[in-house]
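One letter stands for each residue in the lines below.
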Amino acid sequence: MAPARLLEGRAVLPLRELARLLELPLESIPGVPGGVRLGGLEVYPSLKLARLNGKQLELKEVGAVEGGVLYVAARTLEAVLGVRVGFDPLQRLVSLTYSPPLDEPQRSPVARFATDKPEYRLGEPVQITDYSYDPDGLPVYARWSGREEAYFTPGPKTLTLTVTNSAGRTSQPYSVQIQVLDQPYLSPRDYALRYFSVGRTFPDGSVIAYPVLTPERQDDPVPILLSNSPEKVPTSGSLYEETLQGLARLLAYHTNGQGVPARLLLVATNLGSTSRTVRLLRQGSVASTSVVALLGQVSLLDFLTSRPAGQFVLEGGQALPLYLSPPLAPGEGLSLQLDIQTSGVVQLSLYMLEEPLLSSFSNLSAPETLDALRALPVLEPDSDHVRGTFLGAVRRLRLDLSGLEPGSARRLVLGDDLLDPALEGRDAISGNARRLLGNYGVTYLISVENAAGTVGAFVPRGGMYSGAIRVNGLYVEVPQSGVLLRGDLPMIFYRNLDGPFLSQRMELEFVPAPGSFLPVNLVFYKPALPGAGPTVRR
């Protein structure tokens with residue numbers, strides 16, 4: 001028998017020898033030299049064509065002829081014969097499992113499982129070994145009833161498993177009964193803290209009652225240029241303009257309120273006579289969507305994970321575009337975050353331009369384009385959102401959890417303007433004082449001391465939230481999909497209980513996500529020890 005081969009990354013097998021080995025009829029196709037039929041597969045080597053279950057394909061899509069031998073891809077045989085194909089890359093071995101049709105009645109799968117012991121305490125994990133099988137080797141899929149990770153009420157519990165194979169045949173139910181003793185092991189909250197995965201939520205209606213942590217606080221005087229008003233832009237015009245020198249952060253969040261597609265344009269201008277160097281340190285953006293959660297979370301992760309985008313030189317009087325968004329259809333939005341550093345005074349100007357107007361500019365760096373942009377109207381802010389320049393783009397917080405006892409929790413409030421003050425600033429266009437409620441765009445660098453034995457959870461408080469948090473250098477999506485909404489469903493974002501990576505200090509980085517609601521709570525729990533009984537403290 002000719003050996004199986006690897007052609008263009010696919011495992012292929014000799015068709016004639018395989019049919020003979022499996023005792024399958026391989027029919028010749030009259031009138032086509034070399035044409036053969038195996039079940040729903042027809043191959044016409046002389047025509048370089050094939051037909052799979054009635055669909056005409058090129059021969060190379062199902063196999064090939066090599067050295068006068070007709071080979072067929074293993075995956076094609078899987079579709080034609082129902083064989084199961086496996087590949088071991090280390091041994092370079094292709095395995096086929098073929099169950100020929102039988103005249104006897106079709107057999108059903110068998111459900112089987114066992115628990116690790118017959119009795120459990122309240123809140124004790126139930127370990128299950130599932131060894132269900134199918135007599136013909138088909139894959140099986142489980143359906144449980146009565147199964148829980150742990151039980152929190154005493155008494156007998158019946159666990160029932162039914163399995164269904166890939167042919168749709170279902171097993172008889174198989175049940176095991178366990179006994180849950182009226183002895184505490186872990187409360188529902190402490191079970192979740194110890195065993196739920198990072199990213200998972202759990203019920204806790206006591207969050208708002210936990211004592212508040214008072215951190216040491218220090219703000220770095222780095223300006224934030226915020227353009228969020230008008231959020232819904234009704235016409236082409238200037239959104240915000242400010243001069244900067246040194247390090248700064250730009251945050252823009254707008255939707256296209258016009259009846260035609262439009263784009264956001266960011267321009268840097270050197271108003272002086274000597275050259276200036278401009279460095280783009282970090283940049284994140286997402287555009288062309290009306291899904292608010294995507295605008296905030298994706299642009300934030302794009303910003304946090306970005307790398308320096310290079311630098312350029314602005315000559316005296318020169319203007320260059322720093323960013324041009326994709327087209328925004330009516331109703332679609334954009335979120336942009338940018339860290340920038342300049343060697344001297346540079347002006348940043350942000351515009352929303354309808355597509356017909358933008359297409360009339362042949363060169364966005366030309367002096368006549370700059371003159372045309374400056375002639376556009378300055379758009380009035382709306383009453384619900386903010387634009388302005390605020391000092392304090394980095395807020396450093398230090399927490400000490402040394403007083404946290406087993407079974408207790410403390411919370412850190414961010415973005416409430418009481419325990420976490422809002423940044424003060426001004427609108428550079430109107431000169432009016434402004435306050436940055438929610439501290440959007442601020443990077444919180446949070447050092448958590450004496451963090452061994454704790455679990456961190458993120459809790460929305462002001463409304464819908466979708467963003468991210470960095471934990472010891474790794475980013476955690478908040479949440480992994482959708483949005484967080486309920487203040488009684490914390491989401492675990494770190495677990496620092498035991499193991500080789502147990503740390504006395506946790507370093508967190510948090511930036512409020514555009515489009516989400518502040519304030520939020522970061523709750524730090526110290527779970528009760530297993531078997532210690534109910535010790536929920538505040």
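Just so it is clear, the model here is predicted, and its values are computed rather than measured.

In this section: the overall build of the protein. A count of helices and strands for the protein gives seven helices and 38 strands. Taking 24 Å as the expected radius of gyration for a compact globule of 538 residues, we find that the protein reaches 32 Å, considerably beyond that expectation. Seen along its three principal axes, the alpha-carbon backbone of the protein occupies a region of about 90 × 75 × 40 Å. With the model as given, the accessible surface of the protein reaches about 25,300 Å², and the carbon-plus-sulfur share is 51%. With 49 positive and 53 negative side-chain charges, the protein shows a separation of 3 Å between the mean positions of the two kinds.

Sheet architecture is open: four strands sit in the order S1-S2-S9-S8, paired in antiparallel fashion. Sheet topology places strand S1 (5–7) and strand S8 (63–66) at the edges, where each strand pairs with a single neighbour. On average, each strand axis in the sheet is inclined to that of its neighbour by 40°, with strand direction left out of account. Strand direction decides the pairing type here: strand S2 (residues 10–14) and strand S9 (residues 69–73), joined by three bridges, are antiparallel.

A separate point is the pairing of strand S37 (residues 505–510). Pairing analysis gives six bridges linking strand S32 (residues 443–449) to S37, with the strands arranged antiparallel. Bridge pairing in S37 places Glu449 opposite Arg505. Looking at chain direction, strand S34 (residues 467–471) and S37 are connected through three bridges and run antiparallel. Across the sheet, Ile469 pairs through a bridge with Phe510, a residue of S37.

Before going further, it helps to examine the pairing of strand S22 (residues 262–269). Across the eight residues that make up S22, a large majority, seven, are buried. Pairing geometry for S22 and strand S26 (residues 333–354), over eight bridges, is antiparallel. Paired with Thr269 across the strands is Gln347, a residue of S26.

This next bit is on empty space enclosed by the protein. Applying the stated criterion across every chain, the model contains one cavity of 30 Å³ or more. A volume near 40 Å³ is recorded for the largest cavity. Taken together, Leu225, Ser227, Tyr240, Glu241, Glu242, Leu250, Leu266, Leu348, Ser349 and Leu350 make up the lining of the largest cavity. Elements with a contribution of two residues or more to the lining of the largest cavity: strand S19 (223–227), strand S21 (237–256) and S26. Considering every element that reaches the lining of the largest cavity, the biggest residue donor is S21, with four residues.

Attention now moves to the environment of Glu27. Here Glu27 lies in strand S3 (residues 27–28). Given the relative accessible area of 39%, Glu27 is considered partly exposed. Between the alpha carbons of Glu27 and Ser275 there is a distance of 80 Å; along the sequence they are 248 residues apart. Not counting residues up to four positions away in its chain, the partners in contact with Glu27 are Gly35, Val36 and Arg37.

Working definition: the strands of a sheet are paired by backbone hydrogen bonds and lie parallel or antiparallel to each other. Here six strands make up an open sheet; going across it, the order is S18-S28-S32-S37-S34-S35 and the pairing mixed. Strands at the two margins of the open sheet, each flanked by one partner only, are strand S18 (216–220) and strand S35 (474–478). Recorded for the sheet is a direction-independent mean angle of 20° between the axes of neighbouring strands.

Turning our attention to the environment of Ala11. Structurally, Ala11 is set in strand S2. Leaving out residues up to four positions away in the same chain, Ala11 has contacts with Arg5, Leu6, Val72, Ala73, Ala74 and Val94.

Quick look at the side chain of Arg282 now. Its location among the elements puts Arg282 in strand S23 (residues 276–289). Each residue touching Arg282, except ones within four places of it in the same chain, is listed here: Arg249, Phe303, Leu304, Ser306, Gln337, Leu338, Asp339, Thr443 and Glu509.

Moving on to unusual backbone geometry. Along the chain, Ser229 connects to Pro230 via a cis peptide bond; the corresponding omega equals 0°. Looking at the secondary structure, you find Pro230 in the loop between S19 and strand S20 (232–233). Cis geometry is found at the peptide bond from Leu518 to Pro519, where omega equals 5°. Backbone geometry places Lys48, a non-glycine residue, at a positive phi of 60°. Positionally, Lys48 belongs in the loop between strand S5 (41–44) and strand S6 (49–52). The exposed category is assigned to Lys48, whose relative accessible area is 62%. Despite not being glycine, Asn450 shows a phi value in the positive range, around 50°. Looking at the element boundaries, Asn450 is found in the loop between S32 and strand S33 (454–460).

Across all of its chains, the model carries 27 salt bridges by this definition. The network of salt bridges with common partners includes Glu216, Arg398, Glu449, Arg505 and Glu507.

Tracing the backbone shows Asp427 in the loop between strand S30 (423–426) and strand S31 (433–436). Relative accessible area serves as the criterion here: at 1%, Asp427 is assigned to the buried category. Polar side-chain contacts of Asp427 include one of 2.8 Å to the backbone nitrogen of Ile429.

Glancing now at the packing of aromatic side chains. Both the distance between ring centres and the angle between the ring planes are used here to describe each pair of aromatic rings. Applying the stated rule across the entire model yields 13 aromatic pairs. Measuring from centroid to centroid gives 6.1 Å for Phe152 and Tyr191, while their planes differ by 80°, and the two rings are edge-to-face. Of this pair, Phe152 sits in the loop between strand S15 (140–145) and strand S16 (155–165) while Tyr191 is found in helix H4 (residues 188–195), placing the two residues 39 residues apart along the sequence. Using a relative accessible area of 33% as the deciding quantity, one classes Phe152 as partly exposed. Judged by its relative accessible area of 6%, Tyr191 is buried. The structure contains a cluster of three or more aromatic residues connected by ring pairs, namely Phe152, Tyr191, Tyr195 and Phe196. In this arrangement the basic side chain of Arg200 is found over the ring face of Phe196, its NZ or CZ atom lying 3.5 Å from the centre. In this structure, Arg282 packs its charged tip against the face of Phe303, placed 4.5 Å from the ring centre.

Thresholds, definitions, all that
- Numbers given for residues are sequential positions, taken from 1 along each chain in its written order.
- Only residues with pLDDT of 70 or above have their local features reported here, since the model is predicted, and side-chain atom pairs are shown and tallied only from 80 upward, although totals for entire chains, interfaces and linings are computed over all residues.
- Excluded from the side-chain calculations are hydrogens and water; all other atoms, namely the structure's heavy atoms, are used.
- For helices the rule is a DSSP run of H or I covering at least 4 residues; for strands it is a run of E covering at least 2, with both sets numbered from the N terminus onward.
- We compute the radius of gyration over the C-alpha atoms and compare it with the globule rule, which gives 2.2 Å times the number of residues raised to the power 0.38.
- For the area figures, the Shrake-Rupley method with a 1.4 Å probe applies, and any residue is considered shielded solely by the protein chains shown.
- The sign given to each residue is positive for Lys and Arg and negative for Asp and Glu; His and the chain ends receive no count.
- Lys charges are placed at NZ, Arg charges at CZ, Asp charges at CG and Glu charges at CD.
- Two strands qualify as a pair provided DSSP detects at least 2 bridges between them.
- Fitting a line to C-alpha atoms yields each axis, with helices limited to the stretch in contact; the angle taken between N-to-C directions then spans 0 to 180 degrees.
- Whether a residue is buried, partly exposed or exposed follows from its accessible area with a 1.4 Å probe, protein chains only, as a fraction of its type maximum: under 20%, in between, or over 50%, in that order.
- Detection works on a 1 Å grid of protein atoms alone, calling trapped sets that fit a 1.4 Å probe cavities and calling open sets with protein on both sides within 12 Å along at least five of seven lines pockets, with lining residues defined by an atom within 4 Å of a point.
- Grid points are joined across faces, edges and corners, and a volume is the space filled by probe spheres set on the points.
- Note on contacts: a residue pair qualifies if any of its non-hydrogen atoms lie within 4.5 Å across the two residues.
- Here, a salt bridge means any side-chain nitrogen of Lys or Arg that lies within 4 Å of a carboxyl oxygen of Asp or Glu.
- Pairing of N or O atoms within 3.5 Å defines a polar contact, subject to two protein rules: one partner must be a possible hydrogen donor and the other a possible acceptor, and residues neighboring in sequence count only if both atoms are side-chain atoms.
- Pairing of aromatic rings covers Phe, Tyr and the six-membered ring of Trp, with a centre-to-centre limit of 6.5 Å; geometry is then stacked below 30 degrees between planes, edge-to-face above 60, and tilted otherwise.
- Charge-over-ring placement is defined geometrically: NZ (Lys) or CZ (Arg) within 6 Å of the ring centre, and within 35 degrees of the ring normal.

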